[in-house]
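Here is what each chain is made of, one letter per residue.
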Amino acid sequence: EDLCRCLDSILAMNLSFPYEIIVSDDRSTDGSYELAQEYAQKDFGSNLLKIVALQCNSDACHPANNSQRSGYNRCNAYPHARGKYIAHVDADDYFRPNAVVYERQVAALEAHPECALAMSNCLSIAEHETDLSKGEPWPFPRKMMDGEVIEQEEFIRKDFFRLNQCFMQRRNPNSDPVALYGKRYVDSVITY
């Protein structure tokens, strides 16, 4: 249910540029991997190049917590990415109808080649809540202007940490996060 809502919300964006969706599943028993395989077999037309369904076993990295499990999952998917940019989304995340967040993030990164990532606002809502008006905005340390560029030092010192779902980052084809961080490619690593 969550994965279907997530994938459908991404597909509903009708992105104007070519993109791919890579789903990595950590041995779930709820049919998520099979659902991802079904999506991978469908033709969604438009600019979707492909959907890739993968499976992994995070027990191999002896995770101490759920965050490390999700990091292992991201490491499993990362080598399959071929695009210029990467956005990480968890299965229980989704986008509002007619969302333009990825369009705006790509435009920002294209306009600012000196920037490593683009971030956006997001709402945090209770699990299985459907009324978005009950969502709480993830707080920024200060009000930001649309299109503002933040220098590295301010970003780190003033704690602009965000959920990884709020970011689009440049993919570095010469860098492997598994080699850099082991299997712990978690939210804070993605952010910083």
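For the structure, see preceding data.
Just so it is clear, the structure is predicted and the values come from calculations on it, not from any experiment. (Residues numbered from 1 in each chain as written. Predicted model: local features only at pLDDT ≥ 70, side-chain atom pairs only at ≥ 80, totals over all residues. Heavy atoms only, no water.)

Participant: Help me understand the sheet that holds strand β3 (residues 85-86) in this model?
Facilitator: Hydrogen bonds along the backbone pair up the strands of a sheet, which may run parallel or antiparallel. An order of β3-β7-β4 is seen for the 3 strands of this open sheet, with the pairing classed as antiparallel. Looking at strand neighbours, the two that pair on one side only are β3 and β4 (117-119), the edges of this open sheet. The sheet contact formed by β4 and strand β7 (residues 167-170) spans 3 bridges and is antiparallel. Bridge pairing in β7 places A118 opposite M168. Along the sheet, helix α4 (residues 101-111) makes contact with β3, β4 and β7, crossing β7 at roughly 35 degrees. (Pairing = 2+ DSSP bridges. Helix = DSSP H or I, 4+ residues; strand = E, 2+ residues; numbered from the N terminus. Contact = heavy atoms within 4.5 Å. Axes fitted to C-alpha atoms, helices over the stretch in contact; angles between N-to-C directions.)

Participant: Sorry, what's going on with the pattern of salt bridges here?
Facilitator: Taken as a whole, this structure holds 8 salt bridges when the rule is applied. K50 is the salt-bridge partner of E20, the closest N and O atoms lying 3.7 Å from each other. Here the residue E20 occupies a position in strand β1 (residues 19-25), and K50 occupies one in strand β2 (residues 48-55), the gap between them amounting to 30 residues. (Salt bridge = Lys/Arg side-chain N within 4 Å of Asp/Glu carboxyl O.)

Participant: Looking at this structure, how should I read helix α2 (residues 32-41)?
Facilitator: An α-helical turn contains 3.6 residues, so any two residues separated by three or four positions project in the same direction. Looking only at α2, the buried set comprises S32, Y33, L35, A36 and Y39. All buried residues of α2 project into a common sector of 160 degrees when viewed along the axis, lining one side. Tucked inside the fold, the buried residues of α2 contact α1 (2-11), β1 and β2. (Buried < 20%, exposed > 50% of the residue type's maximum accessible area, 1.4 Å probe, protein only. Arc of directions from axis to C-beta.)

Participant: How should I be thinking about the nonpolar core in this particular structure?
Facilitator: Generally speaking, a soluble globular protein has its nonpolar side chains buried in company with each other. M13, Y19, I21, F95 and Y102 are the most contacted members of the largest nonpolar core, which totals 28 residues. The dominant element in this core, judged by the number of residues it contributes, is α1, at 5 residues. (Core = buried A, V, L, I, M, F, W, Y, C linked by side-chain atoms within 4.5 Å.)

Participant: Would you take a moment to explain the pairing of β7 for this structure?
Facilitator: A regular strand places its side chains on the two faces of the sheet in alternate fashion. Bridge count between β3 and β7: 2 bridges; the pairing is antiparallel. Paired with I86 across the bridge in β7 is Q169.

Participant: Before we go on, may I ask you to explain helix α3 (residues 66-77) in this structure?
Facilitator: Across its 12 residues, α3 extends 17 Å between first and last C-alpha, which sits within 8% of the 16 Å expected from 1.5 Å per residue. Residues of α3 that are buried include every one of Q68, G71, Y72, N73, R74, C75 and A77, and no others. (Expected span 1.5 Å × (residues − 1).)

Participant: Explain the environment of L7 here, please?
Facilitator: Tracing the sequence through the fold places L7 in helix α1. On a C-alpha basis, the gap between L7 and D92 in space is 10.0 Å, while along the polypeptide they are 85 residues apart. Sequence-distant contacts of L7, that is, excluding residues within four places in its chain, are made with I21, V23 and Y39.

Participant: Honestly, the pairing of β1 in this entry has me stumped. Any pointers?
Facilitator: Counted residue by residue, β1 has 6 buried out of 7 residues, so it is predominantly covered. Where β1 meets β2, 7 bridges bridge the pair, whose relative direction is parallel. Bridging from a neighbouring strand, I21 pairs with I51 of β2. The parallel pair β1 and β2 is bridged by α2, and the resulting crossover is right-handed. (Right-handed = clockwise from strand over helix to strand, strands pointing away.)

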